[in-house]
Amino acid sequence: MEIVKAIIPAAGLGTSFLPYTKAMPKEMMPLLNKPAMQYIAEEGLLSGITNFLIVTSKSKQAIADHFDAAGTLEALLKERNKSELLSSIEKLVRLAQFSYIRQSEPLGLGHAIWTARHTINKEYFTVALPDDIIVGKQPALAQLIRIARQEKASVIAVQEVPAEKVSSYGIVSIKKQITPSLFQLSSVVEKPNPKDAPSNLAIVGRYVLSHKIFNSLDWITTYGASRELELTDAIAHMMQHNERVFAYKVQGTRYDIGNPLGWIKAVIGTALQDPEYGPVIRKFLNELQVSDSLIYTSAKLTENCL
Ligand code: G1P
């Protein structure tokens with residue numbers, strides 16, 4: 001079973017990260033020296049993905065620029081014997097193909113995926129949400145692809161979350177436990193009330209999906225309620241039409257970098273694991289004295305300008 005395509009929805013407004021995201025794509029937030037999108041693409045490439053279909057919107061040009069050749073800069077670095085500074089991104093650009101699809105209205109994750117429907121044939125494909133960075137020994141997408149091939153079915157990445165957090169995620173409903181990490185599902189529900197949640201296994205932004213998901217997205221677009229089109233609802237609809245869907249507990253640490261706190265944790269977490277920065281950051285955190293506050297808080301700016 002060939003799985004070589006990834007749809008990456010990157011059209012979101014990034015409201016949890018304003019004002020930073022007013023003009024900057026949140027997908028280009030750096031973790032150490034790489035933008036989040038590059039981590040996602042590297043995870044994909046390591047999992048056998050060669051075709052990245054990125055769903056974008058206004059103010060996202062920096063993403064396409066990042067995954068493009070940079071002639072002048074490359075020549076200059078070569079002249080100075082510093083070509084290695086761009087080697088990781090050059091490798092991606094050489095080995096993979098990046099295409100862009102515009103989502104002109106922010107109508108939800110399901111709609112973003114639906115916008116890319118013409119790029120998928122009768123095949124399984126992956127979806128990777130760039131807010132979710134998953135680091136570990138094996139790329140998260142590779143873990144899912146292995147299960148999809150084994151079961152010949154769609155697979156969703158899940159991790160356990162505390163009961164009070166289930167209302168922030170898509171939550172799976174289990175039909176049958178197959179191994180300690182693998183479950184066949186009976187349904188999925190988007191952001192349930194904790195009291196109605198069918199489990200504490202939350203979807204963490206990686207999917208292998210059958211092309212049949214587009215029939216479900218089409219159906220919901222035509223007949224569904226007029227609210228944001230959720231990918232989770234389409235997956236539930238696909239299951240109601242006898243498609244088998246599995247959930248796999250992916251190994252790895254997952255960071256939600258769509259908000260400042262999650263991003264800070266990701267920066268610290270990745271820095272601590274870095275052989276060069278790790279020891280310095282550990283020492284810095286141990287010695288840190290938090291006595292001064294930032295000078296430029298908005299309250300102080302107002303106070304000083306009046
Ligand atoms: C999206 C999905 C949700 C999933 C989450 C993971 O929600 O709709 O099912 O659990 O990503 O990060 P969002 O965080 O975009 O609201």
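Residues numbered from 1 in each chain as written. Predicted model: local features only at pLDDT ≥ 70, side-chain atom pairs only at ≥ 80, totals over all residues. Heavy atoms only, no water.

Q: Help me get a handle on a nonpolar patch on the surface, residues and values and all.
A: A cluster of nonpolar side chains, Ile 264, Ile 268, Phe 284, Leu 285, Leu 288 and Val 290, forms an exposed patch at the surface whose accessible area comes to about 550 Å². Within the residue set of the nonpolar patch, elements represented by two or more residues are α9 (260–273) and α10 (278–287). Take Val 290: it is sitting in the loop between α10 and α11 (298–305). (Patch = residues over 30% accessible without salt bridge, like charges linked within 9 Å, V, L, I, M, F, W, Y side chains within 5 Å. Areas by Shrake-Rupley, 256 points an atom, 1.4 Å probe, with all protein chains shown as cover. Salt bridge = Lys/Arg side-chain N within 4 Å of Asp/Glu carboxyl O. Helix = DSSP H or I, 4+ residues; strand = E, 2+ residues; numbered from the N terminus.)

Q: Got a sec to walk through the site of the ligand? Specific residues and values, please.
A: The full set of residues close to the ligand is Leu 109, Leu 129, Asp 132, Tyr 169, Gly 170, Glu 190, Lys 191, Ile 203, Thr 232 and Arg 254. Within the contact set of the ligand, an oxygen atom lies 3.5 Å away from a side-chain nitrogen or oxygen of Thr 232. Note that an oxygen atom of the ligand is positioned 3.5 Å from one of the side-chain N or O atoms of Arg 254. Protein chains shield 77% of the accessible area of the ligand, which is 380 Å² for the free molecule. (Near = heavy atom within 4 Å. Polar contact = N/O pair within 3.5 Å; in protein donor to acceptor, adjacent residues only side chain to side chain.)

Q: Account for the nonpolar core, with residues named and values stated.
A: Counting residues in each nonpolar core, the largest one holds 45 residues, and the members touching the most others are Met 37, Phe 52, Ile 54, Phe 67, Phe 98, Ile 133 and Val 250. It is helix α6 (residues 140–151) that provides the largest number of residues to this core, a total of 6 residues. For Ile 133, the residues in contact, after removing those within four places along its chain, are Leu 31, Ala 36, Tyr 39, Ile 40, Arg 206, Thr 253, Arg 254, Tyr 255 and Ile 257. Among the nonpolar cores identified, the runner-up in size contains 36 residues, and Ala 11, Leu 129, Ile 235 and Ala 236 belong to it. (Core = buried A, V, L, I, M, F, W, Y, C linked by side-chain atoms within 4.5 Å. Buried < 20%, exposed > 50% of the residue type's maximum accessible area, 1.4 Å probe, protein only. Contact = heavy atoms within 4.5 Å.)

Q: I'd like to hear about the environment of Glu 190, residue by residue, with values.
A: Position of Glu 190 among the secondary structure elements: in strand β10 (residues 182–190). The spatial distance from the C-alpha of Glu 190 to the C-alpha of Thr 232 is 5.9 Å, given a sequence separation of 42 residues. When sequence neighbours within four positions are dropped, the list of residues in contact with Glu 190 reads Tyr 169, Gly 170, Glu 230 and Thr 232. Of note is the side chain of Glu 190, whose polar atom sits 2.7 Å from the side chain of Lys 191. At 2.5 Å, the side chain of Glu 190 forms a polar contact with the side chain of Thr 232.

Q: Give a detailed account of the packing of aromatic side chains, specifying residues and quantitative values.
A: Counted by the stated rule, this structure contains 5 aromatic pairs. For the ring pair Phe 17 and Tyr 20, a centre distance of 6.2 Å and an interplane angle of 65° mean the geometry is edge-to-face. On the basis of relative accessibility, which here comes to 9%, the residue Phe 17 falls in the buried class. On the basis of relative accessible area, Tyr 20 is assigned to the partly exposed category, the value being 33%. (Phe/Tyr/Trp six-rings, centres within 6.5 Å; stacked < 30°, edge-to-face > 60°.)

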